[in-house]
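# Report on the structure
Now for the letters of each chain:
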Amino acid sequence: MSDLHLNQPVDEKGQRIGRDPNAVIMDIQASGDNLMASVEELIEWTDIDVSQVVDYLKRIANFLDAVIEANPKTYTIAELTAKLEIDEATIRLLLKDVGVEIETNVNDTSETLTRNKLIPLLADRAGSREGERLAELLRGEGPYVAWV
């Protein structure tokens, strides 16, 4: 059973209320793909003025921005060491050097950092191998999450 069920509300008989979170995630992914494909189709294959839907797209973007801000993606030090191919101590020093509040004498690869805390390092390392790898990680263009 997926860990996603742990926070799903239950009724007085212990039965889950609402849809399976796994199904909801799959619907979100399918709906997002359909939205992007529809907008691309509208732009590429019609001569309609896309500005007619821009206000609606802004509404969606504002909603998604608020959701993302309230639930920021985090990255573990372990993920950073693997992606950047740099040891933990060096990553901690690099982050400290760009103003991120982080302990440098700690050994905890499960410690998490938000995207906003990694942006200063990205800016500092722009154009370098580490900067390119960090940009790839933060861009989030990896494979979809598959819940089973």
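Residue positions are given per chain, counting from 1 as you read along its sequence in written order. The predicted nature of this model means local features are confined to residues of pLDDT at least 70 and side-chain atom pairs, given and counted, to a pLDDT of 80 or more, with totals for whole chains, interfaces and linings taken over all residues. Side-chain measures here rest on the full set of heavy atoms in the structure, leaving out hydrogens and waters.

## Overview of the overall build of the chain
Inclusion rule: Runs of E in the DSSP output that reach at least two residues are strands. Runs of H or I that reach at least four are helices, and both are numbered from the N terminus. Buried residues are those whose accessible area, probed at 1.4 Å on protein chains only, stays under 20% of the maximum for their type, while exposed residues exceed 50% and partly exposed ones sit between those limits. By the convention used here, residues are in contact when the closest approach between their heavy atoms is within 4.5 Å. The Shrake-Rupley method, run with a 1.4 Å probe sphere, supplies the accessible areas, and residue values consider only the shown protein chains as cover.
Of the regular secondary structure elements, the chain holds six helices and two strands. For the chain, with 148 residues in total, the buried portion stands at 20%. For the chain, contacts bridging at least 24 residues in sequence account for 43% of all contacts bridging at least 6. Of the roughly 11000 Å² that the chain leaves accessible, carbon and sulfur atoms contribute 54%.

## Thoughts on the nonpolar core
A general tendency of soluble globular proteins is for nonpolar side chains to be buried together. To keep things clear, this is the line we draw: Among buried residues, the Ala, Val, Leu, Ile, Met, Phe, Trp, Tyr and Cys ones that are joined through side-chain atoms within 4.5 Å form a nonpolar core.
Counting 16 residues, the largest nonpolar core has Leu 80, Ile 91, Leu 95, Ile 102, Leu 113, Leu 118 and Leu 134 as the members making the most contacts within it. Within the residue set of this core, elements represented by two or more residues are α3 (77-84), α4 (88-97), α5 (115-124) and α6 (129-139). Apart from residues lying up to four places away in sequence, Leu 118 is in contact with Tyr 75, Leu 80, Leu 95, Leu 113, Leu 134 and Leu 138.

## A word on the packing of α3 against α4
Formally: For helices, the axis comes from a line fit to the C-alpha atoms of the stretch in contact; other axes are also lines fit to C-alpha atoms, and the angle between any two N-to-C directions lies between 0 and 180 degrees. Angles are sorted into four bins: roughly parallel if under 35 degrees, roughly antiparallel if over 145, roughly perpendicular if 65 to 115, and oblique for all others.
Viewed as axis vectors pointing N to C, α3 and α4 meet at an angle of 100°, and their least axial separation amounts to 10 Å. As the angle between them shows, α3 and α4 are arranged roughly perpendicular. Of the residues in α4, those in contact with Ile 77, Leu 80, Thr 81 and Leu 84 of α3 are Glu 88, Ile 91 and Arg 92.

## Topic: α6
One full turn of an α-helix is made of 3.6 residues, so residues set three or four places apart face in the same direction. Definition in use: Working note: the arc is built from the helix axis to C-beta atom directions.
Among all positions of α6, only Glu 130, Gly 131, Leu 134, Ala 135, Leu 137 and Leu 138 are buried. Within α6, the buried residues cover an arc of 160° as seen down the axis, which keeps them to one side. Contacts from the buried residues of α6 go to β1 (74-76), α3 and α5. Backbone geometry just downstream of α6 places Gly 140 in the positive-phi region, at approximately 70°.

## Structural notes on the pattern of salt bridges
This is how the line gets drawn: Throughout this description, the term salt bridge denotes a Lys or Arg side-chain nitrogen within 4 Å of a carboxyl oxygen of Asp or Glu.
Under the counting rule described, the total for this entry stands at eight salt bridges. In this structure, Arg 133 and Glu 85 form a salt bridge, with 2.8 Å as the shortest nitrogen-oxygen distance. Placement of the pair is Arg 133 in helix α6 and Glu 85 in the loop between α3 and α4, with a sequence separation of 48 residues. Overall, the relative accessible area of 25% leaves Arg 133 in the partly exposed class.

## Examining the side chain of Glu 88
The following threshold applies: A 3.5 Å cut-off defines polar contacts: any pair of N or O atoms within that distance qualifies, except that in protein one atom must be a possible hydrogen donor and the other a possible acceptor, and neighbouring residues in sequence count only when both atoms are side-chain atoms.
Its place among the elements puts Glu 88 in helix α4. Only 2.8 Å separates the side chain of Glu 88 from the backbone nitrogen of Asp 108, close enough to count as a polar contact.

## Quick word on the packing of α5 against α6
What counts here: Crossing handedness is read from the near helix: turned anticlockwise from the far helix by less than a right angle, it gives a left-handed crossing, and turned clockwise, a right-handed one. Any residue outside Ala, Val, Leu, Ile, Met, Phe, Trp, Tyr, Cys, Pro, Asp, Glu, Lys and Arg is labelled polar, Gly included; the first ten of those are nonpolar and the last four are charged.
For the pair α5 and α6, interaxial distance at closest approach is 10 Å and the crossing angle is 155°. Compared by their axis directions, α5 and α6 come out roughly antiparallel. The handedness of the crossing between α5 and α6 is left-handed. Residues Arg 115, Leu 118, Ile 119, Leu 121 and Leu 122 of α5 touch α6, and the partners they reach there are Gly 131, Leu 134, Ala 135 and Leu 138. Here the residues of the contact of α5 with α6 sort into seven nonpolar, one polar and one charged.

## Re the side chain of Glu 130
Within the secondary structure layout, Glu 130 lies in helix α6. Within polar-contact distance, the side chain of Glu 130 engages the side chain of Ser 128 at 3.4 Å. With residues up to four places along the chain from it excluded, the contact list for Glu 130 reads Leu 84 and Ile 86.

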